[in-house]
Amino acid sequence: MNDIKVKVNDLSLRYGTNPALKNISMNIPEKQVTAFIGPSGCGKSTFLRTLNRMNDLIDNVTIEGEVLIDNINIYDKNIDVVNLRKKVGMIFQKSNPFAKSIYENIAFGPRINGINQKSKLDEIVEVSLRQAAIWDEVKDRLFNSALSLSGGQQQRICIARTLAVNPDIILMDEPASALDPISTSKIEELIHELKTQYTIIIVTHNMQQAARTSDYTAFFYMGDLVEMNTTEKIFSNPSKKQTEDYISGRFG
């Protein structure tokens, strides 16, 4: 296993009195792709959102346990959540570009962080769009609305927007579930390329996608982490019968 980037110790989360996650502990390696799989409502997206404190935005949530990123507990009282979310970027299921030009979508984060020099912004926009494998498709229309692009292109714009603020970790919540097969394969290729520089954590309901894109897979069921191992091991020889039943399609 590579160096550990994220260490989760005994994490539990409740909505009101309703337990959504129960004593989750796991290590997530650096610069690898880790996939979370499991049936709908099993806690995988909720768990993903604990890694950049997105659940803080929901009323009546109680979180116990620790999430350490680079050995710092992100639930400490003195953590700057805005900085945390810069470091831990998030790509949502539905692409959500701003109703601005392609250029302004990418320059938005750097501007907030105080970068206003045009040459610097131009460079960040180009580098981010290249990293997101969409530069060649949009370089001649950077000042058109991002909303004029196809769904798959919009999702890659959202990835470029996340990359523009220089994160360490990229969380992806079903990033291709709304896309056609060709756009999906582009996103999967992109994930493969990005892991050389970033730690990527992806929630997917698509088992083939988990098998194709990830190095490690964690199987969640009813708020429990059933098992986590290399993707090869989880798919070829899981330790738990429950995992095997889910992967072989006997339930879920």
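Everything discussed here concerns the structure shown above.
Presented here is a report on the structure given in the accompanying data block. (Residues numbered from 1 in each chain as written. Predicted model: local features only at pLDDT ≥ 70, side-chain atom pairs only at ≥ 80, totals over all residues. Heavy atoms only, no water.)

### Structural notes on the sheet that holds strand E4 (residues 61-69)
Sheets are built from strands that pair by backbone hydrogen bonding, the pairs being arranged parallel or antiparallel.
Line of reasoning, step 1. Reading across the sheet, the four strands line up as E2-E1-E4-E5 and stay open at both edges, with antiparallel pairing between neighbours. Looking at which strands have only one partner, the edges of the open sheet turn out to be strand E2 (18-29) and strand E5 (72-73).
Line of reasoning, step 2. Direction of pairing for strand E1 (residues 4-15) relative to E2: antiparallel, over a ladder of eight bridges. Directly across from Val-6, in E2, lies its bridge partner Ile-28. (Pairing = 2+ DSSP bridges. Helix = DSSP H or I, 4+ residues; strand = E, 2+ residues; numbered from the N terminus.)

### Side note on the packing of helix H4 (residues 118-131) against helix H6 (residues 151-163)
Line of reasoning, step 1. In contact at an axis separation of 8 Å, H4 and H6 are set at 130° when each is read in the N-to-C sense. As far as their axial angle goes, H6 and H4 are oblique. Viewed along their axes, H4 and H6 form a crossing whose handedness is right-handed. Contact residues: Ser-128, Leu-129 and Gln-131 in H4; Ile-157, Ala-160 and Leu-163 in H6.
Line of reasoning, step 2. Looking at the contact of H4 with H6 residue by residue, the classes come out as four nonpolar, two polar and no charged. (Axes fitted to C-alpha atoms, helices over the stretch in contact; angles between N-to-C directions. Parallel < 35°, antiparallel > 145°, perpendicular 65-115°, else oblique. Left-handed = near helix turned anticlockwise from the far one by under 90°. Contact = heavy atoms within 4.5 Å. Nonpolar A, V, L, I, M, F, W, Y, C, P; charged D, E, K, R; others polar.)

### Considering H4
Line of reasoning, step 1. Helix length check: H4 (14 residues) gives 20 Å between terminal C-alpha atoms against 20 Å at 1.5 Å per residue, within 8%.
Line of reasoning, step 2. Those residues of H4 that fall on the buried side of the exposure criterion are Leu-121, Ile-124, Val-125, Ser-128, Leu-129 and Gln-131. Along H4, the residues classed as buried sweep out an arc of 160° about the axis, all on the same side.
Line of reasoning, step 3. Contact partners of the buried residues in H4: helix H3 (102-112), helix H5 (135-138), H6 and helix H7 (181-194). (Expected span 1.5 Å × (residues − 1). Buried < 20%, exposed > 50% of the residue type's maximum accessible area, 1.4 Å probe, protein only. Arc of directions from axis to C-beta.)

### Overview of the environment of Ala-20
Line of reasoning, step 1. Its location among the elements puts Ala-20 in strand E2.
Line of reasoning, step 2. Accessibility expressed as a relative area gives 15% for Ala-20, which makes it buried.
Line of reasoning, step 3. In this structure, the C-alpha to C-alpha distance between Ala-20 and Gly-43, residues 23 residues apart in sequence, is 6.0 Å.
Line of reasoning, step 4. In this structure Ala-20 touches Leu-13, Arg-14, Tyr-15, Cys-42, Gly-43, Thr-46 and Gly-223, once residues within four positions along its chain are discounted.

### Looking at the packing of aromatic side chains
Line of reasoning, step 1. A complete count under the given rule lists six aromatic pairs for this structure.
Line of reasoning, step 2. Between the aromatic rings of Phe-36 and Phe-220, the centroid separation amounts to 5.2 Å while the plane-to-plane angle is 65°, which identifies the pairing as edge-to-face. Of this pair, Phe-36 sits in strand E3 (residues 33-37) while Phe-220 sits in strand E9 (residues 216-221), and the two are 184 residues apart along the sequence.
Line of reasoning, step 3. For Phe-36, a relative accessible area of 0% puts it in the buried group.
Line of reasoning, step 4. What makes Phe-220 buried here is its relative accessible area of 0%.
Line of reasoning, step 5. When the ring of Phe-47 is compared with that of Phe-220, the centres are 5.5 Å apart and the planes differ by 40°; the resulting orientation is tilted. Of the two residues, Phe-47 is situated in helix H1 (residues 44-50) and Phe-220 in strand E9; the sequence distance between them amounts to 173 residues. (Phe/Tyr/Trp six-rings, centres within 6.5 Å; stacked < 30°, edge-to-face > 60°.)

### Regarding the side chain of Gln-154
Line of reasoning, step 1. One can find Gln-154 in helix H6.
Line of reasoning, step 2. For Gln-154, a relative accessible area of 13% gives the class buried.
Line of reasoning, step 3. Among the polar contacts made by the side chain of Gln-154, one reaches the main-chain carbonyl oxygen of Leu-147 at a distance of 3.4 Å.
Line of reasoning, step 4. Apart from the residues within four sequence positions on either side, Gln-154 is in contact with Ser-95, Pro-97, Ala-146, Leu-147 and Leu-149. (Polar contact = N/O pair within 3.5 Å; in protein donor to acceptor, adjacent residues only side chain to side chain.)

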